[in-house]
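# Structural characterization, general
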Number of protein chains: 4
Amino acid sequence: MSRRTYSDPIFTLTTGPVDAYPAVLRALSRPVLYDYDPAFLEQYEATNAKVRQVFHTTAPPVILQGEPVLGLEAAAASLIAKNDVVLNLVSGVYGKGFGFWAARYAKELVELEVPYNEVLTADAVADMLKKRPDIAIVSICHHDTPSGTVNPVAQIGAVVREAGRLLIVDSVSAFGGMEVLPETCCADIFVTGPNKCLGCPPGLSLLHVSEAAWEKIAANPDAPTASILSISDWKQAFDASQPFPFTPSVSEIYALDAALDLYLEEGEQAVWARHALTAKACRAGIQAAGLRLWAASEAIASPTCTAVAIPDGVDEAKLRASIRARYGIVFSSGRAETLGKLTRIGHMGPTARPTYSLISVAAIAGGLQAAGVKGIDVGAGVAAAMTVIGEAQA
Amino acid sequence: MSRRTYSDPIFTLTTGPVDAYPAVLRALSRPVLYDYDPAFLEQYEATNAKVRQVFHTTAPPVILQGEPVLGLEAAAASLIAKNDVVLNLVSGVYGKGFGFWAARYAKELVELEVPYNEVLTADAVADMLKKRPDIAIVSICHHDTPSGTVNPVAQIGAVVREAGRLLIVDSVSAFGGMEVLPETCCADIFVTGPNKCLGCPPGLSLLHVSEAAWEKIAANPDAPTASILSISDWKQAFDASQPFPFTPSVSEIYALDAALDLYLEEGEQAVWARHALTAKACRAGIQAAGLRLWAASEAIASPTCTAVAIPDGVDEAKLRASIRARYGIVFSSGRAETLGKLTRIGHMGPTARPTYSLISVAAIAGGLQAAGVKGIDVGAGVAAAMTVIGEAQA
Amino acid sequence: MSRRTYSDPIFTLTTGPVDAYPAVLRALSRPVLYDYDPAFLEQYEATNAKVRQVFHTTAPPVILQGEPVLGLEAAAASLIAKNDVVLNLVSGVYGKGFGFWAARYAKELVELEVPYNEVLTADAVADMLKKRPDIAIVSICHHDTPSGTVNPVAQIGAVVREAGRLLIVDSVSAFGGMEVLPETCCADIFVTGPNKCLGCPPGLSLLHVSEAAWEKIAANPDAPTASILSISDWKQAFDASQPFPFTPSVSEIYALDAALDLYLEEGEQAVWARHALTAKACRAGIQAAGLRLWAASEAIASPTCTAVAIPDGVDEAKLRASIRARYGIVFSSGRAETLGKLTRIGHMGPTARPTYSLISVAAIAGGLQAAGVKGIDVGAGVAAAMTVIGEAQA
Amino acid sequence: MSRRTYSDPIFTLTTGPVDAYPAVLRALSRPVLYDYDPAFLEQYEATNAKVRQVFHTTAPPVILQGEPVLGLEAAAASLIAKNDVVLNLVSGVYGKGFGFWAARYAKELVELEVPYNEVLTADAVADMLKKRPDIAIVSICHHDTPSGTVNPVAQIGAVVREAGRLLIVDSVSAFGGMEVLPETCCADIFVTGPNKCLGCPPGLSLLHVSEAAWEKIAANPDAPTASILSISDWKQAFDASQPFPFTPSVSEIYALDAALDLYLEEGEQAVWARHALTAKACRAGIQAAGLRLWAASEAIASPTCTAVAIPDGVDEAKLRASIRARYGIVFSSGRAETLGKLTRIGHMGPTARPTYSLISVAAIAGGLQAAGVKGIDVGAGVAAAMTVIGEAQA
């Protein structure tokens, strides 16, 4: 009703919230069922079964009714007991942020931190676990989105499992966009959400909880129950014969269900491949245009997000505003320590399409040119991205 | 993709989740914007302004990103400090339930409880506050949905304010369906949600927080911050120039915004009137059909929910299943102490239409007849409801 | 943008346009594809295959891009040649209306007409065909909606086929709501549309054309081609490898496809049964309430529409306006000769649900009471409808 | 339900059907109202008022219930009487096509034809009208989409009006995307549709009919009435108090209404400007990439469609298939004489955004490179398009 100043952008190429697939948007407009209606109970069970299927787990998943910060805070609150020493692995802002929650619940927080354009190594983790045998729980942010870098979570997971510790993996912006599964990275609590690579709106957390984690939670007298922060409350909710602790977000469940159908229909390999190709083309284009990636090496750059280092002297917020005005494209800024230093191009779900890399490269390069940066070559950038796309088809 | 056993019901006449208005369903399918996109920031601010408008408050509201159990738990966690004595007013299952949260955070929980088909009186509250001057906070469930009864919250609020205590009002299933506003009931924290009388999907909490409550929260060292349970984190979020503590539920905000437009366009008086008329017709019909209301008197029966006492010997769950199969209608069961004893007909948002009272009366009466209950008169029931509707038009 | 005087009704219980199934509304909001995109070509072919499946025909159907008046005018224009004598069977306004088109194209129009509350008999048709061996084409309106009566089209079709004449059947408001198939009624051109019992918006015609009819059309030098009125132009369009004569109505095709999925999933027998039960309950209720059916006998009353005779002295338009204002329900008026004499309750697609018969009976009865008509018994009406519904479940 | 071979493309950059604006897709999913419901009558009248507003006419428009081929055939059938000599101006396939309809109804068809990459001139028309004073009606296709060229319709219209003849303008793919109004081009019948630059699905025709044209139609004894081809039947339909000749396409009207709101809100100047800029950037890019426009000069190239000449030896159908597979982009082919010789990039409604020119240029250039064409420079093409976009912002 009220007059708007800003019209919607044409392309939302962010790192989340990302735009949803058209079929997901349609699912959101399904009539809202009563949560205890048998049709909804059946739906909820079916959706859980699909989450399990995409997780490749035998244990049922847990869906929490809030975006993944809920899943992560709940994981900390549930798993970390008063006497636990926690090792938090930090390669970026989000990894660092988890430390605050871990510290709230733990006896001691130990951190292993690398510069925010690098990633952790399994060796360093192994060393630390040897040095500190009292560490009970390890936490890691798989893809630290504000840096666009991906930790080698499978190798680190193997080390943690080998050492008999529990592992919390924040795979929010990685799962669904690259090859990662809760059990292949030995996660005891694996947190993701439908709003990144699955192409849903924000509003839910998806968790895998290992048998060992369930035992640890059960043994933790301070693990939340009768609370929005409780994981246990929802343990049985996958089962249509069991009650919900409170009303699930009906419409978000519809959206998730539709997104899982799309994911399963397309096939995870195909989905991962288009995320990888989009990112690869984007990185080639960015560099050919005369720009730098934020990531210290291409090997650690995320297939779901390309963080572009912004040249000194450029106001990054103004850059994005100018790109939005010129090209109708919205990118993500950095966060905290990376704020102002990089611009992030999301390749997630519906935007993980190689063609988007062309306009992303053109827009960033064009925006910087307009800001007076010298030595930018739009044409070379787009041509390089095109070459990557072309080679993939050959 | 998977084969369904249950098809959707035709009419969801529950007490929440309720079905959404068609315009709300369409709003849910809007493209998902990046939360920091200026168009979304503007939208979020506009939606907050509309919440304030329907609340008739000058202070900005707080929207929390989870259904109202989050709002209620957050209210308890934020307002109730370690040394507080809390008086919880109990006239039903939900009021009782709040006591568990209050007890978790308070020094002492005092309860004033009435049978679950009656309501509290302002006098009893005044007496208790006199008896226990150490009570700092009073909490009340305005409309205790599992009983379908409405406490005189304006009078009780006046007593509490007069006595200088703080008041938490759970008006989740009342606001928007009857004359109640945060400030007319002297609420310091007023919690409602869009999924009842506003006709949205579940997924958000709407709060009014008084100046006194903000001060109390600020003074409470244990009030959650950097948490899903924090109210303070979201205090400034109404302002487009301020950051979000975490990603808001974009699509649910769209839905809320559309629902508020509908509410404002129709006018609160008109909305309240159709809730009242639907309930009145329903009560008349239920009684004329030979059935009993659960509420001890019609005066305390809710305009947003009619709880029908189910005759002894009838399996209430089977009754609802049979009504769903026969008539395609879903009603709500009781909860906890009222489970099995009553069936609830919702009159909320899109279902607060007098015509729905006709099929509600017919279906309950017909279902009970089919279950072998004697003395039920479907025709008399519907005719009585029709008379109420007819008189309203005259 | 502009201010509306009228808000949408709550229940559209008309004889068409009828409201669409929720899944159909969602299908309408699918992205619009280019008609020659392979995904749309595949979709169009698949939709045609489903039409053939619900038609139980081996020949491919023809979809015309306009509501069924297009299908009917095109049938007349294509099949009826300059030298043809046409027998038009008339039992109501729509049957009569077809005669105008027939007369436009035919050498001579012969009509067999019965009062508009009765239906034709196969014997009368047989007699006429014997009397007039020069009749080449017979046309009939299966369910003459403005009367709510159903002609015995299978028997009449057998007579026409036996006599070696061609038959045009207007089954627009019958197909999908009762047992009728193009070939079981020996139709040479069978016209229906998705906007009645299939629960779609108006905008398409669905035709079956027999081999004999295709030959007749091919032999008719005046049969339209390169025209919106051409059936032949679309003969091959079911085949994804063939071009469209002009752009098909992409969104309407999506809607049709979704509706056919629903129809096939539910099963035609189940769909027909709920149309029949809704109408039966409605007729029982109308009569028990003290009202009269328009149809001369219940045996000829349509399962997809109940036409209620309106007592003398009642302004039927005002009655419907008052019903809309009071109950939020929209019914259909009569048309032409039946206008003002009857009100029609649709039982089509999503509204062919027994529970709707309750509010239909209550609303008509209540509206007439409010108009001052004596001897109306709302309660008895609804109770009688309830009994019919109850018996069906037993 | 059925398994699909083709998934939807990512970008539909065709010349129609074009994809619809998101708000239009949502409008399509509004509940389907009864056409005689007062809320729909009011809606229909309001939509007509908006068409008149965007047409800048005082006379009410006519909406026909079928895509613009209906509007064009109806224009020919209604306006052209048996004794009329018609001058059909031909600069492309669609203009030529209209001649078939004109010839069907006219006494004589005269054609003035130019090569299909050129356009007509007002002088040539003036000459012809002088030479043949018996010409009563002139017809012209404003933007002959299969060529992507735009006739100077305002100048030609002035000549025709000056000469006292009637003019039929097919502005289907021009109106809404460039500066053209029914009366500024002196059209007596002006035909357009919502499926091109207004961003709606196909299914309706929008007509302006001058007073002189109404008189001519009234005087034409063969002008269709009681027919899908009748314009007169719908003359009064804009008025909510008048009946519809048959059921309007309810959902398409909703879509049109939403599209008109968008158009009016954005402002025609702004809409036209983004069509022009997108096309300009696209043309610059195409040429800088080493390709040729189909249009003989840039001055006559359409702002709503860029037709790219395809080098000899390239299989144009395979080229588009390869572009779809590689980049997820769908373009339009040529038609009839232009088929195989050019590929068309649509800039219509939601796709008339400069950023789309980048991927269009890249995709065509990349597709041709992949097909082995030498001398293509993707980077130079995109850079040139970027320069045009950049200059527009300066």
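What counts as what
- Here the residue numbers are simple positions, counted from 1 along each chain's written sequence.
- Each chain is given a letter, starting from A, and each ligand a number, starting from 1, according to the order in which they appear as written.
- Where local features are concerned, this predicted model is filtered to residues with pLDDT of at least 70; where side-chain atom pairs are given and counted, the filter is 80 or more; whole-chain, interface and lining totals use all residues.
- Side-chain numbers come from the whole structure's heavy atoms, not from hydrogens or water.
- UniProt positions are given in the numbering used here, feature names are shortened, and annotations may be inferred rather than shown by experiment.
- Two rings from Phe, Tyr or Trp (for Trp, the six-membered ring) form a pair when their centres sit within 6.5 Å of each other. Planes less than 30 degrees apart are called stacked, planes more than 60 degrees apart edge-to-face, and all others tilted.
- Comment: elements are numbered from the N terminus, with helices defined as DSSP H or I runs of at least four residues and strands as E runs of at least two.
- The classification of residues rests on relative accessible area computed with a 1.4 Å probe and restricted to protein chains. Under 20% of the type maximum is buried, over 50% is exposed, and intermediate values are partly exposed.
- Note on geometry: a ring has a charge over it if NZ (lysine) or CZ (arginine) is within 6 Å of the ring centre and within 35 degrees of the ring normal.
- For two strands to be treated as a pair, DSSP must find at least two bridges joining them.
- Our superposition of the copies is a least-squares fit, built on the C-alpha atoms of residues whose pLDDT is at least 70 in both.
- Note on contacts: a residue pair is in contact if any heavy atoms of the two residues lie within 4.5 Å.
- One fewer than the residue count of a helix, multiplied by 1.5 Å, yields its expected span.

Looking at an unreviewed UniProt entry, one finds chain A named Aminotransferase, with Ciceribacter naphthalenivorans as its source organism. Annotation of chain A in UniProt includes, under Cofactor (unreviewed entry), the sentence "pyridoxal 5'-phosphate". In UniProt, chain A has this text filed under Sequence similarities (unreviewed entry): "Belongs to the class-V pyridoxal-phosphate-dependent aminotransferase family."

## Overview of the packing of aromatic side chains
One pair of aromatic rings is described through two measures. These are the centre distance and the angle between the planes. Residues and elements named next belong to chain C. Under the criterion given, the structure shown has 60 aromatic pairs over all chains. Seen in terms of ring centroids, Phe40 and Phe244 are 6.2 Å apart; in terms of plane orientation they differ by 55 degrees. Their pairing is tilted. Note that Phe40 is positioned in helix H2 (residues 38–55) and Phe244 in the loop between helix H7 (211–219) and helix H8 (250–266), a separation of 204 residues in sequence. An identical accessibility class is assigned to Phe40 and Phe244; each is buried. Seen in terms of ring centroids, Phe175 and Tyr263 are 6.3 Å apart; in terms of plane orientation they differ by 35 degrees. Their pairing is tilted. In this pair, Phe175 is assigned in the loop between strand S8 (166–170) and strand S9 (189–192) and Tyr263 in helix H8, connecting sequence segments 88 residues apart. On the basis of relative accessible area, Phe175 is assigned to the buried category, the value being 1%. The exposure class of Tyr263 is buried, given its relative accessible area of 4%. Between the NZ or CZ atom of Arg30 and the centre of the ring of Tyr254, over which it lies, the distance is 3.9 Å.

## Observations regarding the sheet that holds strand S11 (residues 292–293) of chain D
All names here are of chain D. As summarised here, the arrangement of the 4 strands in space is S11-S12-S15-S14, forming an open sheet in which the pairing is antiparallel. Pairing within the sheet leaves two strands with one partner each, and these edge strands are S11 and strand S14 (332–333). As judged from the 2 bridges shared by S11 and strand S12 (residues 305–309), these two strands associate in the antiparallel manner. Bridging across to S12, Leu293 finds its partner in Val308.

## A few points about the relation of the copies chain B and chain A
Rotating chain B by 180 degrees and translating it 0.0 Å along the rotation axis places it on chain A, where the RMSD comes to 0.0 Å. The two molecules are tied by a two-fold rotation axis, judged by turn and shift.

## Re the UniProt feature "modified residue: N6-(pyridoxal phosphate)lysine" (unreviewed entry) in chain A
All names here are of chain A. The positions UniProt marks with the feature "modified residue: N6-(pyridoxal phosphate)lysine" (unreviewed entry) are Lys196. Examined against the element boundaries, Lys196 turns out to sit in the loop between strand S9 (189–192) and strand S10 (205–209). Those residues within four positions of Lys196 in sequence are excluded, and the remaining contacts are Thr15, Gly16, Val18, Val172, Ser173, Met348 and Gly349.

## Considerations on helix H11 (residues 354–370) of chain A
Every α-helical turn comprises 3.6 residues, leaving residues that sit three or four positions apart pointing alike. All names here are of chain A. The terminal C-alpha atoms of H11, which comprises 17 residues, lie 25 Å apart, in line with the 24 Å expected from a rise of 1.5 Å per residue. With 15 of its 17 residues buried, H11 lies for the most part within the structure. Taken from the residues just after H11, Gly372 is the one with a positive phi, measuring 95 degrees.

## Focus: the UniProt feature "domain: Aminotransferase class V" (unreviewed entry) in chain A
Residues given the UniProt feature "domain: Aminotransferase class V" (unreviewed entry) here are residues 39–336 of chain A. Across residues 39–336 of chain A one finds 41% helix and 17% strand; the C-alpha atoms that close the span lie 44 Å apart.

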